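Examining the three-dimensional arrangement
Below are the chains, spelled out letter by letter.
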Amino acid sequence: QYAAGPYNGNPMMQAASRPSSGLPIAVMTLSALYVVLCLVEVFALVHRVSLANNLISDPTSVTVDQANSADNLVSGLSVVAIIVFLAVIIVLGIWQRSLRNALAPTGQYQAVLKAARYQVFRAVWLVSILLAIFLRGSQNLDTPQDVISHDHQYMAYYGIRAALGVLLVFLALQLKRA
């Protein structure tokens, strides 16, 4: 009736150890949201740089409220992006545990990770975390020129993070297919 194998034909064991189909979708959705947030951060920084340039050319053209609003937007988006990134890591960890529970008895777990290039996942996490630590150092932004220089660095950083997020979506899709 049921094929013999690592589950000895027991349909309850087969159902209990099947990996969740919702976890890959959650990882890809959160990763896509992370990409969108990183791109929105780039546009928020462009706006803040524009305000700083306006302040340099005409100090009366920018109000304190405009500057504070631009700062708050960038800070808020950064916090949300970090929370989403941590959610991606948590859901990915849960998915990995689900895969391990389902595939380890059959000896396929390591082969699936290798086929999906899971080591690239780890490298992507490490690069994104190192970028966050590197660029989160305390910097004094005393002049509008300091803000412009700082924000140009962050634009590159958020662009790299967005690219890493796209890579996470692609690798999650590869892992789902493997």
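Worth saying up front: this structure is predicted, and the values here are computed from it rather than measured.

Glancing now at the pattern of salt bridges. Tallied over the entire structure, the rule returns 3 salt bridges. With a shortest N-O distance of 2.9 Å, Asp 71 and Arg 48 are connected by a salt bridge. Separated by 23 residues along the polypeptide, Asp 71 in helix H3 (residues 64-103) and Arg 48 in helix H2 (residues 22-57) bring together distant segments of the chain. Judged by its relative accessible area of 32%, Asp 71 falls in the partly exposed class. Here Asp 151 makes a salt bridge to Arg 48, at a shortest N to O gap of 2.4 Å. In this pair, Asp 151 sits in helix H6 (residues 144-177) while Arg 48 sits in helix H2, placing the two residues 103 residues apart along the sequence. Like Arg 48, Asp 151 is buried. One continuous salt-bridge network, built from bridges that share partners, spans Arg 48, Asp 71 and Asp 151.

Right, let's get into the side chain of Gln 96. Positionally, Gln 96 belongs in helix H3. Beyond its immediate sequence surroundings of up to four residues, Gln 96 is in contact with Tyr 109, Leu 113, Tyr 118 and Arg 122.

On to the nonpolar core, then. If you look at the biggest cluster of nonpolar residues, it comprises 46 residues, and the most contacted ones within it are Trp 95, Phe 121, Leu 168 and Leu 175. Put simply, the parts of the chain that give this core at least two residues each are H2, H3, helix H4 (109-115), helix H5 (118-135) and H6. With 13 residues, the single largest contributor to this core is H2. With sequence-adjacent residues up to four places away left out, Leu 175 is seen in contact with Trp 95, Leu 99, Val 112, Leu 113, Ala 116, Tyr 118 and Phe 121.

Mean pLDDT over the protein: 80, with 85% of residues reaching 70 or higher. When mean pLDDT is compared element by element in the protein, H2 scores highest at 90, while helix H1 (residues 11-16) scores lowest at 44.

To continue, consider a nonpolar patch on the surface. Together, Ile 82, Leu 86, Ile 90 and Ile 94 line one region of the surface with nonpolar side chains, adding up to about 340 Å² of accessible area. Relative to the helices and strands, Ile 90 resides in helix H3. A relative accessible area of 54% means that Ile 90 is categorised as exposed.

It is worth spelling out the packing of aromatic side chains at this point. Taken as a whole, this structure holds 4 aromatic pairs when the rule is applied. Aromatic side chains Tyr 34 and Phe 85 sit 5.2 Å apart centroid to centroid with 35° between the ring planes, which places their arrangement in the tilted category. Within this pair, whereas Tyr 34 is found in helix H2, its partner Phe 85 is found in helix H3, the two being separated by 51 residues in sequence. Neither residue differs from the other here; Tyr 34 and Phe 85 are each classed as buried. An angle of 75° between the planes, with centres 5.8 Å apart, marks the rings of Tyr 154 and Tyr 157 as edge-to-face. One end of the pair, Tyr 154, and the other, Tyr 157, are both in helix H6, 3 residues apart, so they sit about a helical turn from each other. Of the aromatic side chains, those joined through ring pairs into one cluster are Tyr 154, Tyr 157 and Tyr 158.

Reading guide: rules and limits
- Residues numbered from 1 in each chain as written.
- Predicted model: local features only at pLDDT ≥ 70, side-chain atom pairs only at ≥ 80, totals over all residues.
- Heavy atoms only, no water.
- Salt bridge = Lys/Arg side-chain N within 4 Å of Asp/Glu carboxyl O.
- Helix = DSSP H or I, 4+ residues; strand = E, 2+ residues; numbered from the N terminus.
- Buried < 20%, exposed > 50% of the residue type's maximum accessible area, 1.4 Å probe, protein only.
- Contact = heavy atoms within 4.5 Å.
- Core = buried A, V, L, I, M, F, W, Y, C linked by side-chain atoms within 4.5 Å.
- pLDDT = per-residue confidence, 0-100.
- Patch = residues over 30% accessible without salt bridge, like charges linked within 9 Å, V, L, I, M, F, W, Y side chains within 5 Å.
- Areas by Shrake-Rupley, 256 points an atom, 1.4 Å probe, with all protein chains shown as cover.
- Phe/Tyr/Trp six-rings, centres within 6.5 Å; stacked < 30°, edge-to-face > 60°.

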